[in-house]
Each structure stands twice: as structure tokens, then as C-alpha cells.
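# Coordinates in review
The chain contents come next:
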Amino acid sequence: MYRTHTCGQLRIEDCGKEVTLSGWVQKSRDLGSMTFIDLRDRYGITQLVCDDTTDKSVYETAKTLSREYVIQVKGLVRERSSKNNKIPTGDIEIEVKDINILTTSKIPPFTIEDNTDGGDELRMKYRYLDLRRNCVKQNLELRHRLAMMVRNYLSNENFLEIETPFLIRSTPEGARDFVVPSRMNPNQFYALPQSPQQYKQLLMVSGFDRYFQIVKCFRDEDLRADRQPEFTQIDCEMSFVEQEDVLNMFEGLIKSLFKQEKGLEFGKFQRMTWHDAMKYYGSDKPDLRFDMKFVELNDVFQGKGFSVFDDAELVVGICAKGCANYTRKQLDALTDFVKRPQVGAKGLVYVKYNEDGSFKSSVDKFYTPEDLQKVAEKFGAEKGDLMLVMSGKTMQVRTQLCALRLEMGSQLNLKDPFNYAILWVTDFPLLEWNEDDQRFYAMHHPFTAPNPEDYPEKLDTDPGAVRANAYDLVINGTEVGGGSVRIHDRNMQLRMFEALGFTEESAKQQFGFLMSAFEYGAPPHAGLAFGFDRLCAIFAGADNIRDFIAFPKNNSGRDLMSDSPNFISDEQLEELYLALKPVEK
RNA sequence: GGUCUGGUAGUUCAGUUUGGUUAGAAUACAUGCCUGUCACGCAUGGGGUCGCGAGUUCGAGUCUCGUCCAGACCGCCA
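Structure report, in brief. (Residues numbered from 1 in each chain as written. Chains lettered and ligands numbered in written order. Predicted model: local features only at pLDDT ≥ 70, side-chain atom pairs only at ≥ 80, totals over all residues. Heavy atoms only, no water.)

Put simply, helix α4 (residues 134-156) and helix α6 (residues 243-262) touch, their axes get as near as 10 Å, and they point 135° apart. Put simply, α4 runs oblique to α6. Here α4 and α6 pass one another in a crossing that is right-handed. From α4, Leu-142, Arg-145, Leu-146, Met-149, Val-150, Tyr-153 and Leu-154 reach across to α6, where they touch Met-249, Phe-250, Gly-252, Leu-253, Ser-256, Leu-257, Gln-260 and Glu-261. Class assignment for the residues of the contact of α4 with α6 results in 10 nonpolar, 3 polar and 2 charged. (Axes fitted to C-alpha atoms, helices over the stretch in contact; angles between N-to-C directions. Helix = DSSP H or I, 4+ residues; strand = E, 2+ residues; numbered from the N terminus. Parallel < 35°, antiparallel > 145°, perpendicular 65-115°, else oblique. Left-handed = near helix turned anticlockwise from the far one by under 90°. Contact = heavy atoms within 4.5 Å. Nonpolar A, V, L, I, M, F, W, Y, C, P; charged D, E, K, R; others polar.)

The next subject is the protein's contact with RNA strand B. The environment of RNA strand B is formed by 51 residues, the closest being Asp-52, Asp-117, Gly-174, Ala-442 and His-444. Counting only the atoms of RNA strand B that lie within 4 Å of the protein, the sugar and phosphate share comes to 53%. Between a base nitrogen of RNA strand B and a side-chain N or O atom of Arg-80, the distance comes to 2.9 Å. Lys-86 is positioned with one of its side-chain polar atoms (N or O) 3.0 Å from a phosphate oxygen of RNA strand B. (Near = heavy atom within 4 Å. Polar contact = N/O pair within 3.5 Å; in protein donor to acceptor, adjacent residues only side chain to side chain.)

A few words on the packing of aromatic side chains. Taken as a whole and judged by the stated rule, the model has 21 aromatic pairs. Both rings, one in Phe-306 and one in Tyr-367, keep their centres 6.3 Å apart while their planes meet at 80°; by these two values the pair is edge-to-face. With a gap of 61 residues between them, Phe-306 in the loop between α8 (298-301) and α9 (307-310) and Tyr-367 in the loop between β15 (359-361) and α11 (369-379) connect regions that are remote in the sequence. Residues Phe-306 and Tyr-367 agree in their burial class; the two are buried. Between Phe-502 and Phe-511, the aromatic rings sit 5.9 Å apart at their centres with planes inclined by 70°, giving edge-to-face as the arrangement. Of the two residues, Phe-502 and Phe-511, neither departs from the other in class, the shared state being buried. In this structure an aromatic cluster arises from ring pairing among Phe-258, Phe-266, Phe-269, Tyr-420 and Phe-539. The aromatic ring of Phe-290 is capped on one face by Arg-405, whose charged end is 4.3 Å from the ring centroid. (Phe/Tyr/Trp six-rings, centres within 6.5 Å; stacked < 30°, edge-to-face > 60°. Buried < 20%, exposed > 50% of the residue type's maximum accessible area, 1.4 Å probe, protein only. Lys NZ or Arg CZ within 6 Å of the ring centre and 35° of its normal.)

Another aspect to go through is the sheet that holds strand β22 (residues 525-531). Strand order in this open sheet of 8 strands is β6-β9-β10-β22-β21-β20-β17-β11, and the pairing throughout is mixed. One side of each edge strand has no neighbouring strand; the edge strands of this open sheet are β6 (160-161) and β11 (270-273). In this structure, β11 lies alongside strand β17 (residues 422-426), joined through 4 bridges in parallel fashion. From the neighbouring strand, Arg-271 faces β17, where its bridge partner is Trp-424. Helix α7 (residues 274-281) contacts β11 and β17 of the sheet and is inclined by roughly 85° relative to β11. This element, helix α16 (residues 532-539), spans β10 (230-239), β20 (470-475), β21 (478-485) and β22 of the sheet and lies at about 105° to β10. (Pairing = 2+ DSSP bridges.)

All right, on to the packing of α4 against α16 then. As a packed pair, α4 and α16 sit with axes 10 Å apart at the nearest point and diverge in direction by 115°. In this structure, the crossing between α4 and α16 has a hand that is right-handed. Of the residues in α16, those touching α4 at Leu-142, Arg-143, Leu-146 and Ala-147 are Phe-532, Asp-533, Cys-536 and Phe-539. Here the residues of the contact of α4 with α16 are counted per class, giving 6 nonpolar, no polar and 2 charged.

Read these as spatial facts, not as claims about activity.
In C-alpha cells, the structure reads:
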């Protein structure tokens, strides 16, 4: 028997017991004629002691132990003479009677501690060692708990978890597909699913009126801190429901997770239309942990001879509470921030509402104190506030001001990761115009149902203004989930394809099986999917989802541990009827 | 496809602004001492292709160009 207890288990009441423990050597502290060893496993750390009561040959073995050796120890539990209240086993220690070295270890390239000395790259390369660290292990434990809660909640609500295929047909809409060559069907390829979208809709046609799946999805797009090429969704679909039913069901799920995991209770989640989110926060995923709402200022700023504002489509600003004391240097830094290529603004206008009631702005040449007073009134600004104003084309300037708003939120410490601001964003546009291709694309996906108020009339007259029955769940500025009511009527689906520039034939070619299925009695249905990795990160107050995935990829989509992707042999290529093309510089 | 930041002992970093003697610190590692440590302590020691390549120069870790790698972001992500 390798162990009678784990390394996190023994307490003061176990004193006097003969026990056997197995684990990794965390650290050895040699005090001369006395040696302490911290033994670690998944459950915790237990201190081992060798002193003059220890058999000499056993002590000699103890002296040879080095970090990360795997050992088995037999000994007696005894009370410590000096306790350690930092660990749960801190009241006891093991008087070592026998040590068995199970395996030795090379010196690890970084320390296996919460405050490791290892950098990201090194930790990825030796991910199996990184996972030994308590903080990383706890992230995976959190992930497991949340997955269990999701399964329990949905199972109790009569949802069935049904697996869908990973080797599927490629569809050109949406993100790039990862493709897999088929040996048995030369020159033909499978694709890995970007999501099980069409399969879950088929399951609705099949009568499984409540489906879910915690499932891997694959997208061959550039990565970010919150984007991995393979990631996990909580994918859900329901039949005989309207948008309201879906929002209520999954609001319940999210509330249940927060209640169980964090003991937090929330009232009804705030809702905001996509239009308002863009107008007041410049983003379809506004961070509502702080306010700093956009205020549109065309009427007070235009017509006074300041051509930058006079010529702009939109003049819009935010008010930073208590920031009128910002120095010239700080204001210049903000200007530099918005001028960075990532933000892309031309400049930034500030108006200080000083404590003495006077105004100081970067455009004093053009505006009288009375003008600026009106601006302040628009903002509802008080003495001591700083107003920051930008102008330009409507959508562009909103995006730029959004970047500034988030930056101010960071500077003013308004982004407490454990203060959760949750909202539904609803009424997304159905279609999105693409300048490059000169055509509309589905903003969500081509199966999303239009809002009945806008269909069919507006689809002909003003396609860009048609609202969809689509919704996102946003927490602290992160999109953690999204979904829609689906089209279940074949004619409506054909109209949609038409609007997207598909012919009936090309639509059939790509989505034929779904369209065929809809000819055999499709129920009204709707659903959504949550980004499970992001959800885990948010529960832990983290930004990067990598720490919540056991074996993640890096920025370039590489697995630094296994060094993949990598080349395959000529034999493999031959078998797959593939030939490589040289990379052009 | 683009913008920015970084690459120097096993590791994390300083040094680069202003080119100039033998490239430092902490930590890790090794050896010795130490009976209550738990970030143990003390002493000693080993450890460097300054990412790679080219250039400028009497001389390059330091300046220039190219390139590779890593990270953050923009585009992209139905």
C-alpha cells in the first residue's frame, strides 16, 4: 500500500497513529542533526522530521532527498513543538521511521511554488510541472466544480447531454475552420466544429427539446489572452421557447453558479439593447463595474468655430469624477493613449471643472466659460471633475472613446475583478455590412431569427436596421455567452440566405442537410452557448483563460510542450494525397 | 496583415540613455557548519554563445539593419 493518508489529511487528533504517506519532496530543511522535509501531494503538505530518534540508515537516505523526488514514508504522527498556522496540517508532523525513494527527479527548471520564479514560456514548456503548483491546480479544481454544477443544474431542468461529431463538413461562413484530410476519401476534408450549431438544431428537429453539451470548439483565428484555438463551450438549445424563456433559464444557471461557488446573490440581470450599449458605452460588451456613460455633445460644441468638432459626425465624451486635478503630463499621456495605432484617434479634448468653479480646457480659444458651463451641465459634472471629449465618425469615435473609458476605469481602480457587473445585451443587428466584400454577413449566424417587428418589411427596405432575436451575456466587459432564437421556418430561412447573397443552390450545397431537416417539422427553438474557459477565469478574477486550461496553446497557436503543430512525414502526406507548397516570404 | 514591449547565469531581472578594465544582484544549485525549521540561518564555490546573423567602429551586451522567439493589443473571431 503506497499510502494510508494523503498529505493534506492528518490533524492533531491523529497523533500516535502509524501512517504511510507518498508524495513529492517540496523542500528539505537540514538543520544539522535534524532535517525537516515538506511532503506534497494534490491535497496539501505534511512535514516530515528526521532527528536522533530516526534510524541512522533512514536518516542517511533523508539527507540525499532533493526537490521533486517521489518518496514513500512510514512514520508516527506527533504534535509539533512549534506549530505552523499557515497550513491545515500545521499542528502535526511525521516522525519518520522509514523512507522509500520511489523515483528521483532532475532539478526542475523553476520553483514549484505559488510565487514561482518561472516565466510564462518556461512554465508552458514544462506544463506538467506548472500544474503541480497549488494555484494552477486550484484553477482546474474550480473548473471541475463549475462543470459539475452546470451538469447538475441542467440535468435537473431536464436537459440531456448529447455528444455531436468533431469531424464535420466545412462551412465557409464565420471563423476559419481547422480542416482534417480524409485518407479514405482522397482530396476531401473534414472540418472541426466552430460550435455544434447545426447539430444542436438537428437535435431539436429530432425532438430532444432540451439539449446541452460541455464541448470543445475549434476556430482557426488569431489568439488573445481570452481566445484559444480550441476552447470549451457550454452549448445549449431548447424547443418550444421564446427569447424570454431562454434568458430566464440561463440567468438561473449563472445565478446558481455564483451562489454555490461564491455565495453571491443577484437580482434580475440588467438588460440593455445593443443600440444603447453602443450609444452609451461604445461597445457591445460594456463593462458596467463603473459608470462613465457617454454623453453626446454635438449641440453644445458645434457651431462655435472649432472645425474639428464642427466637421465631426459625432462629438461625444465621458466625465471622470474628481480628475480635474490631472496634471498636464497626465492629460498628455491620455492624449498619447488615444493616438496609439490600436486606438487610432486624432486627438483628445479635455475640460476641467475646477474646484473654484472655473473652467480650463484645451479649446479655450473657441469656447467661452458659458459654453463650457453648458457642457458641464450636459455631463451632470460637478466641481473637481474632468471631461474628456472626442469626435469623428459615429462608430469609430464610439470605439475610441470606449478604449479611453476602459483606460480611465483602470487608472481610477474601478475594475475590481470580484465586483461582478452582469447584463444581457439584446436586440443585436441581424446583418452586418462588410465593406471589403460589399455584402451583408450574419452578425450572429445565418440561422438567427429576425425580430418579428422588423420582418419582413425592413429586410427589403433597410437590411442593416433589422434587429435579431439575439442576445449576449456580458460580465465585467467580457462576452461570456451568446445565442439567439433560430429560424424554424424554411421560407424565412430562404429569405435570410437571399439577404446574405446565397442562391438557393449554394445555400443547399452548404446547409442542405439542415434545410432538408426543416422540411420535416422543425419546432420553434432557441439556444445559447457560454464560453466555459472565460467563465472560469471570471470566477477566479483572472484575465487570461490559459491558466484554466490544463494544456493550452500560446499566442501563435503552438503547444510549447509537445512542440506542435509540426511537420508530418512524406509517407503520411502520400497516404493523404497531400503535397506541400513552399512558404513565400 | 499591422502596432507596441521584451529576449543578458538553471530562473527572475539590473546594466543599453552617454560604446571602453574581469558583465552584476537575487534566487536556484553544490560543498561545509548548525536540534525546532517552515521564504530556516551562516560560510564557501561553480555557473554567461548578453536570442541568432550581418554592419558601423580601434573597440558592441550597449548603435544600425535583418531575422527568430515570447507577450499585450488592432484587424480577424458567423
